[in-house]
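# Commentary on secondary and tertiary structure
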Number of protein chains: 2
Amino acid sequence: MPLRLDARDADFNERFRAFLGAKREASADVETAVRGIIADVQARGDEALIALTAKFDRVDLSTFGLRVGDAEIDAAMALCDPEALAALKLARDRIEAYHLRQKPKDDCFTDALGVELGTRWTAIEAVGLYVPGGTAAYPSSVLMNAVPAKVAGCERLVMVVPTPDGKLSPLVLAAAKIAGVDEIYRIGGAQAVAALAYGTKTIKPVAKIVGPGNAYVAAAKRVVFGQVGIDMIAGPSEVLIIADKTGNPDWIAADLLAQAEHDVSAQSILITDDAALAASVEKAVESQLKTLPRASTASQSWRDFGAVIMVGKLDDAIPLVDRLAPEHLEIAAEDPERFVSAIRNAGAIFIGAHTPEAIGDYVAGSNHVLPTARSARFSSGLGVLDFMKRTSLLKCGPDQLRALGPAAIALGKAEGLDAHARSVAIRLNLPGS
Amino acid sequence: MPLRLDARDADFNERFRAFLGAKREASADVETAVRGIIADVQARGDEALIALTAKFDRVDLSTFGLRVGDAEIDAAMALCDPEALAALKLARDRIEAYHLRQKPKDDCFTDALGVELGTRWTAIEAVGLYVPGGTAAYPSSVLMNAVPAKVAGCERLVMVVPTPDGKLSPLVLAAAKIAGVDEIYRIGGAQAVAALAYGTKTIKPVAKIVGPGNAYVAAAKRVVFGQVGIDMIAGPSEVLIIADKTGNPDWIAADLLAQAEHDVSAQSILITDDAALAASVEKAVESQLKTLPRASTASQSWRDFGAVIMVGKLDDAIPLVDRLAPEHLEIAAEDPERFVSAIRNAGAIFIGAHTPEAIGDYVAGSNHVLPTARSARFSSGLGVLDFMKRTSLLKCGPDQLRALGPAAIALGKAEGLDAHARSVAIRLNLPGS
């Protein structure tokens, strides 16, 4: 049974705060182990990768080779269901079209003093993409990470994916090929993160690492952060649905379960002003669970982390949504745009009854890598800017330096940085130089 | 004596690689202490802040109050040198004008299928700004962090600044006022980071923390990352100057020293194709050190981390610069624009002999918070986007869902996520719903 809250109850604020603060993931203390693995890869390179992969994935890379070859990728593609391949290609094209609009423009201008100022964007040269193995290997996630990197102009996109017991999803390889990944290595865990960050004889280092992973991967990304860039540390996924009496209980139940089936730590929340709808949705969830292959995961997630929150009027949902800052927000209510403009914190908003989140997961074109665990308060989904960086440009001539120099000298002296002041004064033949 | 390298030497590659990998900061292992401090602030709130500030800063906040009041700020402003205040205001206006150009535009469009897609930018509601105390309290840095936050539209900008032995720079308070900071608290260290991240009775929590600090502050930011957003972890500052025979040795020496005076861990590097210039610059550095108030810091930085790198022709500098990815790059050579377009990795580029880096530090308008320690390979200087986040918007009607649905269903099934497939199929009355 999911948590039931009612905003009209006297103890609501307290219970809502507890709900906000509840942890959905045990944060395993894996940092010591991870630091050991990283040090091993730094010291022994490929040799460490081979040993650690034999240990954790039960695969002998000295036989298979670290790198997945072109022939193997082509063979995998031939194994894929043509319908799934066509869907991946449609998804790739739409993701590409959407992300092309995110490409930033350089901005160079001359101000009133004649100072030339500029902002220039360039792609990160080499990027690593972590792809989990086993059941969490999602070809759609390969596209969502790889396509924006290629749109940004990254020249070397390196994928790592563990192959536990030698297993590697053909559709994951197909997605990598379709997305334009340049190199693929069959390694995972902290050792793969270390190889990407520090390089080995076989694997040249990259400058940034993106992609989801388990607790070891997340801890390793935290450790190598600084040496390379990393994306956000993804937590378990969540959906929040705002619905009024016009909502279809079966559709809403299906969407809550689509979230819940991801992971026992996933979270599905319904906020409504209609008690009858809430009851119908809960009933529909139970009914749909009966025929769901991943019912065990979904029912555990719904029971442990699901929530149904009643509000007196639907507008009362708005501040609650902003505090929850959901990764995914669906609005199944009349005049949904009203809520879109009123709500500030959400990774992605799915507007109206005919926009199930799964469309955004796969084929809408927008990115499905979105901020989890309330981080939509301060961060954004993955996009082209995550694969680029800005350089600022500045050019003064003698006149501009004369105009701005005295203020720079005053501030340098005020901060006790006389060499700063001097570097300006010396060019202007001013005292203090 | 700085390191001297010559790209024409047989062992250059090896020595350059060692130079790249050399650490300039002892990374003190302060994490255990920091975790204890954070837990204390989470448990005891204001009481912990008062106790820790008494211990570390020797200030009794139960007398002074945590918050710096308006009267205190006004009194501080009255103490400031009018010339420095005017320079701060000029800097603020120019920083504001520059950063206004960075404000992103929302992008909403309808694609060929009729799918409505959008990207919406909103400001982060509440941001914390860490300002170091003592000698590292730079009013210019207050402006560089605070102005972009205000340009972004952040409603609550909270500054924390330690006041060791009760000392607080009047010009830092003036900069905060000029920049529009909303609240100021006299706390520092890991305890201030914890208070910003988790809140106390007096200090409401923020969603993101920016600003430089010592090893404790950096470690605390790493620990609270996820709970709140953080900016980059800043390392010691660096400048790289590319110069040919047209370079003015005195000016170049002044710029190398302006970097070196920051910190004994700062780094100043000259790359030139002219041996005579290199010798003149080294001589000018020694001469200018004699009259520099911070000569002790600057000479230690220059001796320990400074470098003069000779190249056969100046174009050979380009790949070296990209590997060093300097925070600041000055080009004092003929046709400097040629290097600007060829170089990929640099935080900021200062073009031509009349653009000393100090102009960018203070009054150019561009941001002086820039990626250090080679992180310009993958990250950017501080800007307006750091104080905003993107929400993606998606709206399908029945026709669009019919067009895109089958591909989403195919991918959901291929990934073993049947509830995903069902959430689409159920709206289309398709099998599997």
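Residues numbered from 1 in each chain as written. Chains lettered and ligands numbered in written order. Predicted model: local features only at pLDDT ≥ 70, side-chain atom pairs only at ≥ 80, totals over all residues. Heavy atoms only, no water.

Between two packed helices, what matters for the description is the angle formed by their axes and the separation of those axes. Residues and elements named next belong to chain A. With their axes 8 Å apart at the nearest point, helix α5 (residues 70–79) and helix α8 (residues 170–179) run at an angle of 115° to one another. Between α5 and α8, the angle is such that the two are roughly perpendicular. In this structure, α5 meets α8 at a crossing whose hand is left-handed. Across from Glu 72, Ile 73, Asp 74, Ala 76, Met 77 and Leu 79 in α5, the residues of α8 making contact are Pro 170, Leu 173, Ala 174, Lys 177 and Ile 178. The residue inventory of the contact of α5 with α8, partitioned by class, reads eight nonpolar, no polar and three charged. (Axes fitted to C-alpha atoms, helices over the stretch in contact; angles between N-to-C directions. Helix = DSSP H or I, 4+ residues; strand = E, 2+ residues; numbered from the N terminus. Parallel < 35°, antiparallel > 145°, perpendicular 65-115°, else oblique. Left-handed = near helix turned anticlockwise from the far one by under 90°. Contact = heavy atoms within 4.5 Å. Nonpolar A, V, L, I, M, F, W, Y, C, P; charged D, E, K, R; others polar.)

Counted according to the given criterion, the structure contains six aromatic pairs over all chains. Here the aromatic rings of Tyr 98 of chain A and Phe 109 of chain B are separated by 6.2 Å at their centres, their planes lie at 40°, and the arrangement is tilted. With one member in each of two chains, Tyr 98 of chain A in helix α6 (residues 82–100) and Phe 109 of chain B in strand β2 (residues 107–110) form a pair that bridges those chains. In this structure, Tyr 98 of chain A and Phe 109 of chain B share a single accessibility class: buried. Between Phe 12 of chain B and Phe 16 of chain B the ring centres are 5.4 Å apart and the planes differ by 25°, which places this aromatic pair in the stacked class. Taken together, the positions of Phe 12 of chain B and Phe 16 of chain B, both in helix α1 (residues 12–21) and four residues apart, correspond to about one turn of that helix. Taken together through their ring pairs, the aromatic side chains of Phe 12, Phe 16 and Phe 19 of chain A make up a single cluster. (Phe/Tyr/Trp six-rings, centres within 6.5 Å; stacked < 30°, edge-to-face > 60°. Buried < 20%, exposed > 50% of the residue type's maximum accessible area, 1.4 Å probe, protein only.)

The next point concerns the interface of chain A and chain B. Facing 122 residues of chain A, the contacting portion of chain B comprises 122 residues. For the pair chain A and chain B, the summed buried area comes to about 10300 Å², and 56% of that belongs to carbon and sulfur atoms. Of all residues in chain A, the largest losses of buried area upon contact with chain B belong to Arg 344, Phe 378 and Arg 427 of chain A, amounting jointly to 8% of the total for that side. Taken together, the links from chain A to chain B amount to ten salt bridges. Across the salt bridge formed by Arg 427 of chain A and Asp 255 of chain B, the nearest N and O atoms sit 2.7 Å from each other. If you look at where chain A meets chain B, you find 67 residue pairs in polar contact (both at pLDDT 80 or more). No other element matches the ten residues that helix α17 (residues 398–414) of chain A contributes to the side of chain A that touches chain B. Taken together, the residues of the side of chain A that touches chain B break down into 62 nonpolar, 31 polar and 29 charged. The pairing of strand β14 (residues 388–395) of chain A with strand β13 (residues 348–351) of chain B spans three bridges and is parallel. (Buried area = accessible area lost by both parts, 1.4 Å probe. Salt bridge = Lys/Arg side-chain N within 4 Å of Asp/Glu carboxyl O. Polar contact = N/O pair within 3.5 Å; in protein donor to acceptor, adjacent residues only side chain to side chain. Pairing = 2+ DSSP bridges.)

This part takes up the environment of Ala 149 of chain A. Residues and elements named next belong to chain A. Here Ala 149 lies in helix α7 (residues 139–152). A relative accessible area of 0% places Ala 149 in the buried class. Residues Ala 149 and Val 210, spaced 61 residues apart in sequence, show a C-alpha to C-alpha distance of 9.9 Å. Setting aside anything within four residues of it in sequence, one finds Ala 149 in contact with Cys 154, Leu 157 and Phe 387.

Residue and element names in this part refer to chain A. Per the UniProt record, "binding site: NAD(+)" (unreviewed entry) is annotated on Tyr 130, Gln 191 and Asn 214. These annotated residues cover 85 residues of sequence, and their C-alpha atoms all fall within 12.7 Å of one another, placing them together at a single site. In this fold, Gln 191 is placed in helix α9 (residues 189–198). By relative accessible area, which is 2% here, Gln 191 ends up buried. Discounting residues that sit within four places of it in the chain, Gln 191 has contacts with Ile 37, Val 41, Leu 49, Leu 52 and Phe 56. Position of Asn 214 relative to the elements: it lies in the loop between β7 (208–210) and α10 (215–224). The exposure class assigned to Asn 214 is partly exposed, which follows from its relative accessible area of 45%. Only 3.0 Å separates the side chain of Asn 214 from the backbone nitrogen of Val 217, close enough to count as a polar contact. (UniProt positions renumbered as here; feature names shortened; annotations may be inferred.)

In the numbering used here, UniProt assigns the feature "binding site: Zn(2+)" (unreviewed entry) to Gln 259, His 262, Asp 361 and His 420 of chain A. An extended arrangement is adopted by the annotated residues: their sequence extent is 162 residues, and the largest C-alpha distance between any two is 55.7 Å. Here His 262 of chain A is to be found in the loop between α11 (249–260) and β10 (267–272). With sequence-adjacent residues up to four places away left out, His 262 of chain A is seen in contact with Tyr 138, Ser 237, Arg 294 and Thr 297 of chain A together with Leu 417 and His 420 of chain B. Secondary-structure assignment places His 420 of chain A in helix α18 (residues 418–428). Take His 420 of chain A: its relative accessible area is 2%, and that puts it in the buried class.

A separate point is the pairing of strand β12 (residues 328–332) of chain B. For a regular strand, side-chain orientation follows a simple rule: the groups alternate between the two sheet faces. Residues and elements named next belong to chain B. The element β12 is extensively covered by neighbouring structure, given that five of its five residues are classed as buried. With burial as the criterion, each face of β12 is covered, one bearing His 328, Glu 330 and Ala 332 and the other bearing Leu 329 and Ile 331. Strand direction decides the pairing type here: strand β9 (residues 238–243) and β12, joined by five bridges, are parallel. Looking at β12, one finds that Val 239 is bridged to His 328. In this structure, β12 lies alongside β13, joined through four bridges in parallel fashion. Paired with Leu 329 across the strands is Ile 349, a residue of β13. Where the polypeptide runs from β12 across helix α15 (residues 336–342) and back to β13, its parallel neighbour, the crossover connection is right-handed. (Right-handed = clockwise from strand over helix to strand, strands pointing away.)

Moving on: the packing of helix α12 (residues 275–289) of chain A against helix α13 (residues 295–305) of chain A. Residues and elements named next belong to chain A. Contact pair α12 / α13: the axes reach a minimum separation of 10 Å and the direction vectors enclose 155°. Here α12 is positioned roughly antiparallel relative to α13, judged by the angle of their axes. For the element pair α12 and α13, the recorded crossing hand is left-handed. Across the interface between the two elements, Glu 282, Val 285, Glu 286 and Leu 289 from α12 touch Ala 295, Ala 298, Ser 299 and Trp 302 from α13. Per-class residue counts for the contact of α12 with α13 are five nonpolar, one polar and two charged.

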